[in-house]
Amino acid sequence: MISHRAPDSLSTWRAAILIAVIALLVSCGKPPPKEISTLDKIRTTGVITLGIRETSVPFSYLDDAQQQAGYAWEIANRVATAVKRDLKLDTLAIHTFVVTPQTRIPLVANQTVDLECSSTTHDRERERQVGFSSSFYLTGPRMLVRRDSPVRDWSDLRGKRAVVSSGTTAELALRKLDRERGLDIEIMLAKDIGENFMTVETGRAAASVQDDVILYSNIARARDPSAWQVVGAPLMREAYACMLRKGDVPFKRLVDATIAEMARSGELMQLYTKYFASSLAVKGGVRIDQPLSDDMRELLRQPNDRID
Amino acid sequence: MNYDWSWRFLFGPSLTGEGSYVVMLMHGFGWTILISLTAWLIALAFGIALGVARTLPRGVLRRFATLYVHLFRNTPLLVQLFLWYFVLPEWLPKAWGDTLKSMNLVLNQVLTVLLCLSLYTAAKVAEHVRAGIASLPAGQYRAAQALGFGVIASYRHVVLPQAFRIALPPLTSELMNVFKNSAVAMTIGLMELTGTSRQVSEFSGHPFEAFAFATLGYMLIALVAARVMRVIEARSRISGATQT
């Protein structure tokens, strides 16, 4: 006969508590800060690992031919070339590693990924864990609404529903706007870009609030692009930049110099035209067609890592 | 690794301006418990009925139960939630769909998750109950019939009391699964434990701590659930009976 009062019931608890305590201890004991040099690592291994995204159009994505492409992906490749030249290496292997918004920061911090260029916003909170290069793109949260919607500006959202992707800077900006101006907006949260657009497409929300570049790419891929438009002034300024190890000054200098050189030679502007104003090989051909803002024109002339 | 571990941020004010991060996480923890337990109770009641129906000799009920179990057990939970939340209102007559979409936001999300999670879990519960019944020697049911019990009385007094005891251990695992499965709620914007830890991870710049908190939360729930089920198992044991 099998005893039901299993003798291991107490030891299960002990084991669980032990694991929890160990986890806490490990995480509290601060290791001495050590200098991590990405360039040294690349020199010894002969490999640079670039973080890539699969669907972040037009920054870093797989195109219809299953080739990696994108505005930020090309910048990352220029950096790899510059690293090879700088370290005087005969060969440099470029490895790629797929990241998501949830994994990108830990993967850069734990040295799995050396450089992550996609649609990552450079902000103060993230600076505690990782470093950022010069910005290569400026955007800000705006609203996507149906063309026949009465919503034209933020104040029109009073008492209405707006959907925003949870955990994004746009969510914070929208909450702040709602609080400060007492708009009484009903804020719906969406898990990701796809759910966000679906929520406004099915009429559950009056407006979708996201970085405007995402809104333009949603319009480009919508069933009827002419039914949608982007309205409202950007709630804040967001700068996309490449993510690298925190405190790695020589590597950051090299990445910044590469971006600055691309700006000087006009290559950055060419890439902008290629990805934001031409047809892309995604879903049989889409055009983002985002007008070039004055802020962005200025950045393409003189890249910097200034935020807010 | 160059990572700044710190648990203190949990008690600092959150960037959302709604208290501290630990309050946000506890809020998510509360949602996880609420939706999981409610869904579990509904699933248990419905699942037992389905499981019994699957063992009935022929009939419409049996065919319905079999079809139901195959339908709900063999499609991903995430897909089911998408269908309930995004597709169902489009299929219904427009007025009904619009009512659904414009009803209280949180209520709508909670009801959708409860519907989805309990229907899915009921199919799993049904299989455990059916397996419990099937594992009994056929003689038990026949002996009850021979003693003059009808179908209902045979199940009520002879088959089910034994089958439930056999099904208890797998039902314990199922109970733990409900808590973990409840994380699908975040895909429709209901911020339970996994959802809030993702949010906190993004806002605070402390992803490892946020997810460690969620891990500990789920572990705590699973341990308590296992403990409670073990007590129930021990209490319901018939002394002297041999476990088949």
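Only a predicted model underlies this, so the values are computations on that prediction, with no experimental measurement involved.

Conventions adopted
- Residues numbered from 1 in each chain as written.
- Chains lettered and ligands numbered in written order.
- Predicted model: local features only at pLDDT ≥ 70, side-chain atom pairs only at ≥ 80, totals over all residues.
- Heavy atoms only, no water.
- Helix = DSSP H or I, 4+ residues; strand = E, 2+ residues; numbered from the N terminus.
- Buried < 20%, exposed > 50% of the residue type's maximum accessible area, 1.4 Å probe, protein only.
- Contact = heavy atoms within 4.5 Å.
- Core = buried A, V, L, I, M, F, W, Y, C linked by side-chain atoms within 4.5 Å.
- Domains from an automatic or database assignment.
- Buried area = accessible area lost by both parts, 1.4 Å probe.
- Salt bridge = Lys/Arg side-chain N within 4 Å of Asp/Glu carboxyl O.
- Polar contact = N/O pair within 3.5 Å; in protein donor to acceptor, adjacent residues only side chain to side chain.
- Pairing = 2+ DSSP bridges.
- Arc of directions from axis to C-beta.
- Lys, Arg positive; Asp, Glu negative; His and termini not counted.

**Side note on the side chain of D256 of chain A**
Residue and element names in this part refer to chain A. Within the secondary structure, D256 sits in helix 8 (residues 249-264). With a relative accessible area of 16%, D256 lands in the buried category. When residues no more than four places from it in sequence are discounted, the contact partners of D256 are S133 and S134.

**Here's the deal with the nonpolar core**
Counting residues in each nonpolar core, the largest one holds 119 residues, and the members touching the most others are F59, Y71, V83, L115, F136, Y137 and F276 of chain A. In terms of residue count, helix 5 (residues 105-134) of chain B provides more of this core than any other element does, 14 residues in total. Both domains that meet at this core, namely domain 1 (38-139 + 238-301) and domain 2 (141-231) of chain A, each give it at least three residues. Ignoring any residue separated from it by four or fewer positions in sequence, one finds F276 of chain A in contact with P58, F59, Y71, Y137, V213, I288, D289 and Q290 of chain A. Core analysis: the second largest hydrophobic core is formed by 19 residues, M143, A170, L183 and A207 of chain A among them.

**Considering the domain arrangement of chain A**
All names here are of chain A. Domain annotation for chain A reports domain 1 (38-139 + 238-301) and domain 2 (141-231). Distance from the C-alpha centre of domain 1 to the C-alpha centre of domain 2: 27 Å. Listed per partner, the contact involves 17 residues of domain 1 and eleven residues of domain 2. Of the roughly 1100 Å² buried where domain 1 meets domain 2, counting both sides, 56% is carbon and sulfur surface. For the pair domain 1 and domain 2, the interface holds zero salt bridges. Linking domain 1 with domain 2 are four residue pairs in polar contact (both at pLDDT 80 or more), by the criterion used here.

**Re the sheet that holds strand 2 (residues 55-56) of chain A**
The strand order 2-3-4 (chain A) describes an open sheet built from three strands, whose pairing is antiparallel. The two strands at the open ends of the sheet, each matched to only one other strand, are strand 2 and strand 4 (68-69) of chain A.

**Structural notes on helix 2 (residues 38-45) of chain A**
Residue and element names in this part refer to chain A. Regarding helix 2, the residues found buried are T38, L39 and I42. One face of helix 2 carries all of its buried residues, which in axial projection span an arc of 100°. Of the surrounding secondary structure, the elements contacted by the buried residues of helix 2 are strand 1 (47-52), helix 3 (71-86), strand 13 (238-245) and helix 8. Remark: G46 follows helix 2 within two positions and exhibits a positive phi of approximately 70°.

**Regarding the side chain of D212 of chain A**
Residue and element names in this part refer to chain A. Looking at where D212 falls in the secondary structure, it is placed in helix 7 (residues 212-221). The side chain of D212 sits in the buried core without any salt bridge; R142 is the nearest counter-charge, 4.1 Å away. Engagement of the side chain of D212 in a polar contact is seen with the side chain of T139, the distance being 2.5 Å. Ignoring any residue separated from it by four or fewer positions in sequence, one finds D212 in contact with T139, G140, R142, V230 and Q290.

**Some details on the pattern of salt bridges**
Residue and element names in this part refer to chain A. Taken as a whole and judged by the stated rule, the model has 24 salt bridges over all chains. In this structure, E127 engages R124 in a salt bridge whose closest nitrogen and oxygen atoms are separated by 3.4 Å. For R124, a relative accessible area of 47% corresponds to the partly exposed category. Here D295 and R237 are joined by a salt bridge, their closest N and O atoms 3.9 Å apart. Within this pair, whereas D295 is found in helix 10 (residues 294-301), its partner R237 is found in the loop between strand 12 (228-231) and strand 13, the two being separated by 58 residues in sequence.

**Thoughts on the interface of chain B and chain A**
Listed as interface residues are 46 residues of chain B and, on the opposing side, 47 residues of chain A. On the surface where chain B and chain A come into contact, there are one salt bridge. The salt bridge involving R126 of chain A is made with E202 of chain B; its shortest N-O contact spans 2.9 Å. At the surface where chain B touches chain A, the tally comes to twelve residue pairs in polar contact (both at pLDDT 80 or more).

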